[in-house]
Amino acid sequence: MLAGKQILLIIGGGIAAYKSLDLIRRLRDQGATVVPVLTKAAEEFVTPLSASALAAQKVYRDLFNLTDEAEMGHIELSRAADLVVVAPATADLMAKMANGHANDLASTLLMATDKRVLIAPAMNVRMWGHRATQRNLAQLQGDGVLVVGPNDGNMACGEFGPGRMAEVPEIIAAVGAALGDGPLRGRHVLVTSGPTHEPIDPVRYIANRSSGAQGTALAAALRDLGARVTFVTGPASVPPPTGVDVVRVETAAQMAAAVTAALPADVAVFAAAVADWRVDNASDSKMKKTADALPSLRFAENPDILATVSQMTQGRPPLVVGFAAETDDVVANATAKRTRKGCDWIVANDVSPATGIMGGSDNAVVLISDDGPEEWPRLPKTEVARRLAARIADALGAV
Ligand code: C5P
């Protein structure tokens, strides 16, 4: 699966480093060449000799090593690989990466590389939950760094919770996906996301509270499974993922046009919170406040993009997925919506203010398909995205 690929493996200084030795072996089993780099702290946990013997490669450790630099400069080392993997990625390494430090070989390589970077964080549960680490994580994800894990579980420090490094097979799967080798390789996926803005006049508009977080996470998860993703986004408050084709729109009408232009697709996922109505009598110039009368807005219905695509007689994507943001009778309303619109799946969620879902980082969804409703636990939006992307890949395999 990874034949001919070269992986630069940066091993950070944490107890999970012992798993990285196994990772070297398993990556080589898949046909990859692994070039290990050890941080100073990593050498407290695993020896350079072990890493070198398992990789059957020279191990790099120092930024200022004249022999290494003469053989292969650190810039070249950072570029020769197809992918850079950091495992374990400690809190300290993540902080360095997020802030652009380059004060040892590992951080310098990470700054100098022009390749994608995949990190497998591993640390104490409180260090993982610390605001600084979460801030750094968000920064790194925003910068396009891929992340696998951490998992929940018992930790070497005796605590329980998120912080365990992802297991070796999970890291291998993430490596495959990062190298475009995932189950959606060769597939085109269309994702809509974010709110729309419907102008009232050149300075005012009608909007909604969608942040675009779920659609963005979904596009990233589909990309990570190897899909070519067209991401049609309204003015969201989170940045679009890297490695996808971004089409920015503002209004529902523009979104409808962008979706049509992006077809054909193997899958279309409509996660955008599209305004149902636009202002039909929007003014070309700023409306003035007058003493005698309040402005009167006349509304017109927007095109229903999901229904239109679901009901295409020619060129309909084989799998069409809609979202349903509801505040009451979630399953009943969403089930009816699925039938009315004609999509294959509906991902329903309760967006009542008390749930904190709209604009928040978690989601609790019910997936409604031909098989009926399937309730998922409340999960981070990134995890909902990962599971949904995996389901999409499964379904496409069966199409
Ligand atoms: O009808 P409602 O807005 O609740 O349906 C939600 C689903 O329909 C979402 O998947 C949304 O992206 C999609 N939609 C659309 N075009 C519209 C309105 C909603 O694609 N004009």
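That block above? That's the structure.
What counts, and where the lines are drawn
- Per chain, residue numbering runs from 1 following the sequence as it is written.
- This being a predicted model, a pLDDT of at least 70 is required before a residue's local features are given, and a value of 80 or more before pairs of side-chain atoms are given or counted; all residues contribute to the totals for chains, interfaces and linings.
- Processing note: side-chain calculations cover all non-hydrogen atoms of the structure and skip hydrogens and water entirely.
- The nonpolar core is taken to be a set of buried Ala, Val, Leu, Ile, Met, Phe, Trp, Tyr and Cys residues, with the residues joined through side-chain atoms within 4.5 Å.
- Accessibility here uses a 1.4 Å probe with only protein chains present; expressed as a share of the type maximum, an area under 20% marks a residue as buried, one over 50% as exposed, and anything in between as partly exposed.
- Secondary structure elements are taken from DSSP: a helix is a run of H or I of four residues or more, a strand is a run of E of two residues or more, and numbering for both begins at the N terminus.
- Whether two residues touch is decided by their heavy atoms; if any such pair falls within 4.5 Å, the residues are in contact.
- Any two strands with at least two DSSP bridges between them are considered paired.
- If the strands point away from the viewer and the path from the first strand over the helix to the second runs clockwise, then the crossover is right-handed.

Colleague: Would you explain the nonpolar core in this entry?
Modeller: As a rule of thumb, nonpolar side chains are buried together in soluble globular proteins. Counting 35 residues, the largest nonpolar core has Leu27 and Val175 as its most contacted members. Looking at this core, the elements with two or more residues in it are strand 1 (6–11), helix 1 (17–29), strand 2 (33–38), helix 2 (48–55), strand 3 (83–89), strand 4 (116–121) and helix 9 (168–178). Sort the elements by how many residues they give to this core and helix 9 lands first, with 6 residues. With near-sequence residues (within four places) excluded, Leu27 lies in contact with Leu2, Ile7, Ala32, Val34, Ile172 and Val175. By size, the runner-up hydrophobic cluster in this structure holds 32 residues, among which are Ala219, Val269, Val384 and Leu396.

Colleague: When you look at helix 6 (residues 105–112) in this model, what are you seeing that I'm missing?
Modeller: Because an α-helix packs 3.6 residues into every turn, residues spaced three or four apart end up facing the same way. Counting buried positions along helix 6 yields 7 of 8 residues, so the element is predominantly enclosed. For helix 6, the complete set of buried residues consists of Leu105, Ala106, Ser107, Thr108, Leu109, Leu110 and Ala112. Contacts made by the buried residues of helix 6 are with strand 1, strand 2, helix 4 (74–80), strand 3, helix 5 (91–99) and strand 4.

Colleague: Help me understand the pairing of strand 17 (residues 345–350), please; the structure alone is not making it clear to me.
Modeller: Where a strand is regular, its side chains alternate between the two sheet faces. The buried fraction of strand 17 is high, at 5 of 6 residues. As paired elements, strand 16 (residues 319–326) and strand 17 share 6 bridges and run parallel to each other. Bridge pairing in strand 17 links Gly322 to Ile346. This β-α-β element, strand 16 to helix 13 (residues 330–341) to strand 17, shows right-handed connectivity. Pairing analysis gives 4 bridges linking strand 17 to strand 19 (residues 365–369), with the strands arranged antiparallel. What sits directly across from Ile346, in strand 19, is Ile368.

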